[in-house]
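What the coordinates show
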Amino acid sequence: MFNNNVKINKKMVGSKHLTYSSLLMASLLTLLSPAQANNALPESLKVCAAGNEMPYSNTQQQGFENEIAKVLADSMEMPLEFVWSDKAAIFLVTEHLLKNECDVVMGVDSDDPRVATSTPYYKSGYVFVYRSDKNLTISDWHSADIQKLNRFVVIPGSPSEVMLREVGKFEGNFNYTKSLSGYKSPRNQYIRLEPSKLIGEVTSGNGDIAHLWAPEVARYVRDSNTSLEMVLSPELGKTKEGEGIVQHYDQSVAVREDDKALLDAINKGLAKAAPQITAILEKEGIPLL
């Protein structure tokens, strides 16, 4: 069906007028959203964000990803609109972006196959965090001092858990890991362990050492009243079989795969805003690669 408001005059065929086929195409484009038309952009940068998932995002816009979204929108000269979700950030792509409730998600792994991703705007990795007064020398999972420790603060299912198995500390740490989630069963549900509480395990001495994703915990290491060491893991954790467990990741802005014009504009905006974005990340205390 065509837009009834378009009046087609077959006499308008000169070089200074629209042809009949051009008018039909214009009529078709009125049925498409801005994101669907490759030569158009949305009226605003509509970013889906978690309403309560610090340090990334909250409805008070106190997260570092909220700040980066603002800088990006300014550099693109577009109004910013947050679409808040009461679900965890891991659901933003499937439950919101792919359902056309927003056009952008911040902080997605650059190789995420579900979406089109921007040029990475930062790269970071997993870090060891421990109290300075423990006088440990830790550079990787195979450091000798690792074997002196018993309670490791890790996220189940993460590269940290894989490496915990590799160094023979998984079984002895099993009950402690379960205690971090209050012994809740992860079956058929996602359980987020609050990063501030995980760092609290280390500062209190209840946990000997943590191995966590740096962007998630850097703020709490930075603001801790207890002196802490934060050591970036090597890019690959080595297994006995010689396999490399990736511990460094690029982070990008995600859009739907067909939003090519928006992705191009975002890449240009990220390049323009790069110094400001780096300043935000450095202020957060995130180790950058």
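Going by the structure above, here's the rest.
Residues take numbers from 1 onward in each chain, read along the sequence in its written order. Given that the model is predicted, a residue must reach a pLDDT of at least 70 before its local features are reported, and side-chain atom pairs must reach 80 or more before they are shown or counted; all residues, however, enter totals for whole chains, interfaces and linings. Only hydrogens and water are set aside; all other atoms, that is, all heavy atoms of the structure, feed into the side-chain values.

Things to note about the pairing of strand E7 (residues 122–131)
For E7, the tally of buried residues reaches 8 of 10 residues, placing the bulk of the element in the interior. Only when DSSP finds a minimum of two bridges between them are two strands counted as paired. A helix here means a DSSP run of H or I that spans at least four residues, while a strand means a run of E at least two residues long, and both kinds are numbered starting from the N terminus. Note: E7 against strand E13 (residues 248–255), 4 bridges, orientation antiparallel. Across the sheet, residue Tyr122 finds its bridge partner in E13, namely Gln251. Pairing geometry for E7 and strand E10 (residues 228–232), over 5 bridges, is antiparallel. Bridging across to E10, Phe128 finds its partner in Val231. The rule is simple: take the accessible area with a 1.4 Å probe, protein chains only, and divide by the maximum for that residue type; under 20% is buried, over 50% is exposed, in between is partly exposed.

With respect to the pattern of salt bridges
We count a salt bridge whenever a side-chain nitrogen from Lys or Arg sits within 4 Å of a carboxyl oxygen from Asp or Glu. Tallied over the entire structure, the rule returns 16 salt bridges. Salt-bridge contacts for Arg219 lead to Glu284; the nearest nitrogen and oxygen are separated by 2.7 Å. Of this pair, Arg219 sits in helix H7 (residues 214–222) while Glu284 sits in helix H8 (residues 260–284), and the two are 65 residues apart along the sequence. Considered together, Arg219 and Glu284 belong to a single accessibility category, that of buried residues. Its salt-bridge partner being Lys268, residue Asp264 comes within 3.2 Å of it at the nearest N-O pair. Taken together, the positions of Asp264 and Lys268, both in helix H8 and 4 residues apart, correspond to about one turn of that helix. Judged by its relative accessible area of 57%, Lys268 falls in the exposed class. Among the charged side chains, a network of salt bridges with common partners joins Glu53, Arg192, Glu194 and Glu216.

A closer look at the nonpolar core
Core analysis: the largest hydrophobic core is formed by 33 residues, its most contacted members being Leu45, Val104 and Ile266. Listing elements by their share of this core, those giving two or more residues are strand E1 (45–50), helix H2 (64–76), strand E5 (104–109), E7, E13 and H8. Ranked by residue count, the leading element in this core is H8, at 9 residues. We call two residues in contact when some of their heavy atoms are within 4.5 Å. Sequence-distant contacts of Val104, that is, excluding residues within four places in its chain, are made with Leu45, Lys46, Val47, Cys48, Leu97, Val253, Ala254, Val255, Leu262 and Ile266. Take the buried Ala, Val, Leu, Ile, Met, Phe, Trp, Tyr and Cys residues and link them wherever side-chain atoms come within 4.5 Å; each set so joined is a nonpolar core. Within the second largest apolar cluster, 17 residues are counted, among which are Val129, Leu180, Ala210 and Val217.

A word on the packing of aromatic side chains
Working definition: a ring pair exists when centres of Phe, Tyr or Trp rings (six-membered ring for Trp) sit within 6.5 Å. Plane angles under 30 degrees give stacked, over 60 give edge-to-face, the rest tilted. Under the criterion given, the structure shown has 8 aromatic pairs. For the pair Tyr56 and Phe64, a centre-to-centre distance of 5.5 Å together with 50 degrees between the ring planes defines the contact as tilted. Across this residue pair, the class does not change: Tyr56 and Phe64 are buried. Here Tyr126 and Trp213 contribute two aromatic rings whose centre-to-centre distance is 5.9 Å and whose plane-to-plane angle is 50 degrees, an arrangement assigned as tilted. A residue pair is termed long-range when its members are at least 10 positions apart, and Tyr126 in strand E7 and Trp213 in strand E9 (residues 209–213) qualify at 87 residues. Residue Trp213 is classed as buried on the basis of its relative accessible area, which comes to 12%. One aromatic cluster is present, formed by Tyr126, Trp213 and Tyr249 through successive ring pairs. Above the ring of Phe170, the side-chain terminus of Arg165 is found at 3.7 Å from the ring centroid. Charge-over-ring contacts are defined here by two conditions on Lys NZ or Arg CZ: a distance within 6 Å of the ring centre and an angle within 35 degrees of the ring normal.

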